[in-house]
Amino acid sequence: MAGMTRSFTLTRSAALGRLDSITPHLGRAYTSNRNTDIGSEREPTTSALSPFLRRRLLLEEEAVAAALDDHGPDEASKFIEEVFWRSYFKGHLETRPTIWTNYLDLVPEGRDQLGAEPALRRAFDRAVTGNTGIDGFDDWARELTETGWLHNHTRMWFASIWIFTLRLPWALGADFFLCHLIDGDPASNTLSWRWVAGLHTPGKAYAARADNIRRFTDGRFSPRGLNETPVPLDEPDRRDAITLPRAGLAPSGEVALLLHLDDLNPESLDLGGARVTRIGGLLAHAPDAARLVRQADEQAMSDGLARAEAHFGCAARPITEGWADGLPIVTPWAPVGPSATALPATSIRLRRPWDDLAWPRSTRGYFQVKTAIPTILRHVLGR
């Protein structure tokens, strides 16, 4: 994957190029091979579209439509479900935002714990530098920090070993991922770690097993000493889901368009009768984001602003004080995370039809979303 994950170009053009090249493999081949991590020096078995989807340089419906056109609904079903998992996670966090705020509180608490427990600090340092002695895990820690990428199945193994074998705080592991993954998404990352820990589905933890790792790494790794019978973590009862906040409507007349890292697809926004005469870009990285992540975000934002400038015919640049010149600020909806926190309180947030259909069904488990996939696709794609 050296030629792949170490050279992501985060532009709309690159996203469409990647979609074009991977689409022939999004049917049976994807279903059969997606769980196998064949190593960082080879082409990934996953789609590797997530860095583009995370910033909406590529829209979910574009990826799904390409797979459907090439393979049909049956053969493309696994890929389509994986795309909807991302939407489910976003909707779940959007309707249960205290999960995110609790995670943010747990990160500094975990760091305090490291300061108070020298043995735990040493275990943490060995984990993030790839010096635990656990076969595979150490390679993955180094791959993550050097390339900003890990195979999806590998992320689950890593999280399970972090939590149940090394007994490190799960929130620090989620923070380690979010700071280093080029496709790091607040919802997918937080809820995936919670799922492994047994918190998302209470009482059901994910166990990293040596035989599973051997099988799905083609025998490259065979770790010993793993905790293969983990006891799920628990936590105090969480609040019930809240009603999905209402989206806004763009006013008629002149507006200032604010782009952010969760949606860099300004050409496809439904702005009604609004006329964009100012365009700004908001760079809100994950806290302590690594250099590779910041560079990826900056490249993606630069591309989004350039396309917005060409599309709307007015100057586009990173925001400064007074950039909107008193105009109403309109922005694509930013799901729970750094961008949403940084948006001006008075901004009018526009939500896409895809999210409007998927997110209200995301308050519990994934099944509600899965069963609604045909309905959602009929509404969004007209098929």
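Even after reading the chapter, I still don't get the overall build of the protein chain, so can you show me in this structure?
The secondary structure content of the protein chain amounts to 17 helices and 5 strands. Compactness check: the protein chain gives a C-alpha radius of gyration of 21 Å against a globular reference of 21 Å for 383 residues, within 12% of the reference. A principal-axis box enclosing the C-alpha atoms of the protein chain has dimensions of 65 × 50 × 40 Å. A total accessible area of about 16600 Å² is found for the protein chain, and carbon and sulfur atoms account for 49% of it. Of the side-chain charges in the protein chain, 44 are positive and 48 negative, and the distance between the mean point of each set is 3 Å.

Teacher, can you tell me more about the pairing of strand 2 (residues 274-282) here?
A large share of strand 2 lies buried, amounting to 7 of its 9 residues. As paired elements, strand 1 (residues 253-260) and strand 2 share 8 bridges and run parallel to each other. Paired with Leu259 across the strands is Gly281, a residue of strand 2. Here strand 2 runs beside strand 3 (residues 316-318); their pairing, made up of 3 bridges, is parallel. Bridge pairing in strand 3 places Gly280 opposite Arg317. In this view, the connection linking strand 2 to its parallel neighbour strand 3 by way of helix 14 (residues 291-312) has right-handed handedness.

Would you mind showing me how to read the environment of Thr98 here?
For Thr98, the location among the structural elements is in helix 7 (residues 98-116). Distance from Thr98 to Asp37, taken between C-alpha atoms, is 34 Å for residues 61 residues apart in sequence.

I tried to follow unusual backbone geometry on my own but got confused; where do I start?
When glycine is set aside, most residues are seen to have a negative phi, and most peptide bonds are trans. A positive phi angle, near 55°, is found at Arg56, a position not held by glycine. Relative to the helices and strands, Arg56 is located in the loop between helix 4 (50-54) and helix 5 (60-75). Located in the positive-phi region is Asp218, a residue other than glycine, with phi close to 55°. Mapped onto the elements of the fold, Asp218 is located in the loop between helix 13 (210-216) and strand 1.

Calculation criteria
- Residues numbered from 1 in each chain as written.
- Predicted model: local features only at pLDDT ≥ 70, side-chain atom pairs only at ≥ 80, totals over all residues.
- Heavy atoms only, no water.
- Helix = DSSP H or I, 4+ residues; strand = E, 2+ residues; numbered from the N terminus.
- Rg over C-alpha atoms; globule rule 2.2 N^0.38 Å.
- Areas by Shrake-Rupley, 256 points an atom, 1.4 Å probe, with all protein chains shown as cover.
- Lys, Arg positive; Asp, Glu negative; His and termini not counted.
- Charge placed at Lys NZ, Arg CZ, Asp CG, Glu CD.
- Buried < 20%, exposed > 50% of the residue type's maximum accessible area, 1.4 Å probe, protein only.
- Pairing = 2+ DSSP bridges.
- Right-handed = clockwise from strand over helix to strand, strands pointing away.

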